[in-house]
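Residue strings, one per chain:
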Amino acid sequence: MMQPQASSWQLPPAMADSAASVDSAYNFIFWFSVVFTVVITGLILFFVQKYKRRKGVKSEPTGHFNKLEIFWTVTPSIFIIFLFHVGFSSWIHNATAAEGATEIRVHGKKWAWEFEYPGGSRTSDLHLEVNKPYKMIISSQDVLHSFFIPEFRLKRDAVPGQYSFIAFTPTVVGPAHVFCAEYCGTSHSGMLANVIVETPEQHKEFVATLGKKPKLCGTPAVECTVEKWGESLFVEKGCPTCHGMGGSGTIGGGKSPGPKLAGIFGQPQPISGGAPVMADENYIRESILKPNAKIVAGYNNVQMPTFAGSFTDDQLDAVISYVKSLK
Ligand code: CUA
């Protein structure tokens, strides 16, 4: 197990796989700036002194040096492209979830964070197991927030009406912190949460305590998982009428009026009159709320009614989890 790196005068300790590439990009840009600031300022001062106006000396226009002009245009451009490469590759690294990553939903609201684990239990502190890959599915119930863990060097906006994602693997056991990094009103500065990176044994104990708090859902309320709740909403709102039971895409042995939902998650969907779209959380959400924004190829003559206003955000999350679970 990695030990936390001592926090430098500039940065908090690095506690996730995402930190190394961010720190190297930061350090490179920092020292790059220091070196060039010193060299350029030094040269300016030197030339100011050397060529300052002197009594009795007439100033003459100097010539034009094409080679020099090209040199100081091309060289900084190369540096800028390199800096872009350094930043962009670390961004890609944090945007892609590892195979088998545990998904945790992050709910931002004025003014608190809530973390929802597989199975639907929620806590106000984020418990993670060391050296396990995670994917956060971030959403907001009200205004823009920003999910920020300085020790992981990660920050992603929580945007009302859509999901954003961030992936990482915590590498060090210990405490870290969640801040809100987007001004969101009176108690923005108090929108904090603890991150607790645990050993596998500690995390097992934590998960066991979650098991003692079963989630209640549906009417009448019964103990259930998020997927089960999603399924009951799916049936309640009449979705099987067009998509078939379990989103099978068949009704009574024939093709259902609406497209098949089982097995589409994570796969590209053919779209009528457009490029295929990846069926992720945002796609399914949009298909429920604005069904005609992207019509599945072959279903042009089917008008699906909008379900905007029919679901709360939590219910929408549950239905999406259900569709996701359909194989
Ligand atoms: Cu939420 Cu600032």
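Conventions used here
- Residues numbered from 1 in each chain as written.
- Predicted model: local features only at pLDDT ≥ 70, side-chain atom pairs only at ≥ 80, totals over all residues.
- Heavy atoms only, no water.
- Helix = DSSP H or I, 4+ residues; strand = E, 2+ residues; numbered from the N terminus.
- Rg over C-alpha atoms; globule rule 2.2 N^0.38 Å.
- Buried < 20%, exposed > 50% of the residue type's maximum accessible area, 1.4 Å probe, protein only.
- Lys, Arg positive; Asp, Glu negative; His and termini not counted.
- Charge placed at Lys NZ, Arg CZ, Asp CG, Glu CD.
- Core = buried A, V, L, I, M, F, W, Y, C linked by side-chain atoms within 4.5 Å.
- Contact = heavy atoms within 4.5 Å.
- pLDDT = per-residue confidence, 0-100.
- Domains from an automatic or database assignment.
- Buried area = accessible area lost by both parts, 1.4 Å probe.
- Salt bridge = Lys/Arg side-chain N within 4 Å of Asp/Glu carboxyl O.
- Polar contact = N/O pair within 3.5 Å; in protein donor to acceptor, adjacent residues only side chain to side chain.
- Nonpolar A, V, L, I, M, F, W, Y, C, P; charged D, E, K, R; others polar.

If you tally the helices and strands in the protein chain, you get 7 helices and 16 strands. Here the protein chain has a C-alpha radius of gyration of 27 Å; the compact-globule value for 327 residues is 20 Å, and the former is much larger. For the protein chain, the spread of C-alpha atoms along the three principal axes comes to 100 × 50 × 40 Å. Residue burial in the protein chain is summarised as follows: out of 327 residues, 36% are buried. For the protein chain, the separation between the mean place of its 29 positive charges and that of its 27 negative charges on side chains is 11 Å.

What follows deals with the nonpolar core. Counting 31 residues, the largest nonpolar core has Phe 115, Leu 126, Met 136, Phe 147 and Phe 152 as its most contacted members. When sequence neighbours within four positions are dropped, the list of residues in contact with Leu 126 reads Ile 104, Phe 115, Tyr 117, Met 136, Phe 147, Ile 149, Asn 194, Val 195 and Ile 196. Core analysis: the second largest hydrophobic core is formed by 28 residues, Ile 137, Cys 224, Leu 316 and Ile 320 among them.

Our focus in this paragraph is the confidence of the model for the protein chain. Residues at a pLDDT of 70 or more form 94% of the protein chain, whose mean pLDDT is 86. The spread of mean pLDDT over the elements of the protein chain runs between strand 11 (residues 216-217), the lowest at 64, and strand 6 (residues 145-149), the highest at 95.

Now for the domain arrangement of the protein chain. Where the parts come together, the accessible area they lose is often given as the size of the interface. Structurally, the protein chain comprises domain 1 (102-211) and domain 2 (217-325). With 15 residues of domain 1 at the interface, the matching set in domain 2 holds 13 residues. Taken together, the two surfaces of domain 1 and domain 2 that pack against each other cover about 1,100 Å², and 38% of this comes from carbon and sulfur. Where domain 1 meets domain 2, there are 3 salt bridges. The partner of Lys 324 in a salt bridge is Glu 103, and the shortest N-O contact between them spans 2.3 Å. The tally of links between domain 1 and domain 2 comes to 7 residue pairs in polar contact (both at pLDDT 80 or more). Secondary-structure elements contributing two or more residues to the side of domain 1 that touches domain 2 are strand 1 (102-109) and strand 5 (134-140). Across the side of domain 1 that touches domain 2, the residue classes break down as 3 nonpolar, 7 polar and 5 charged.

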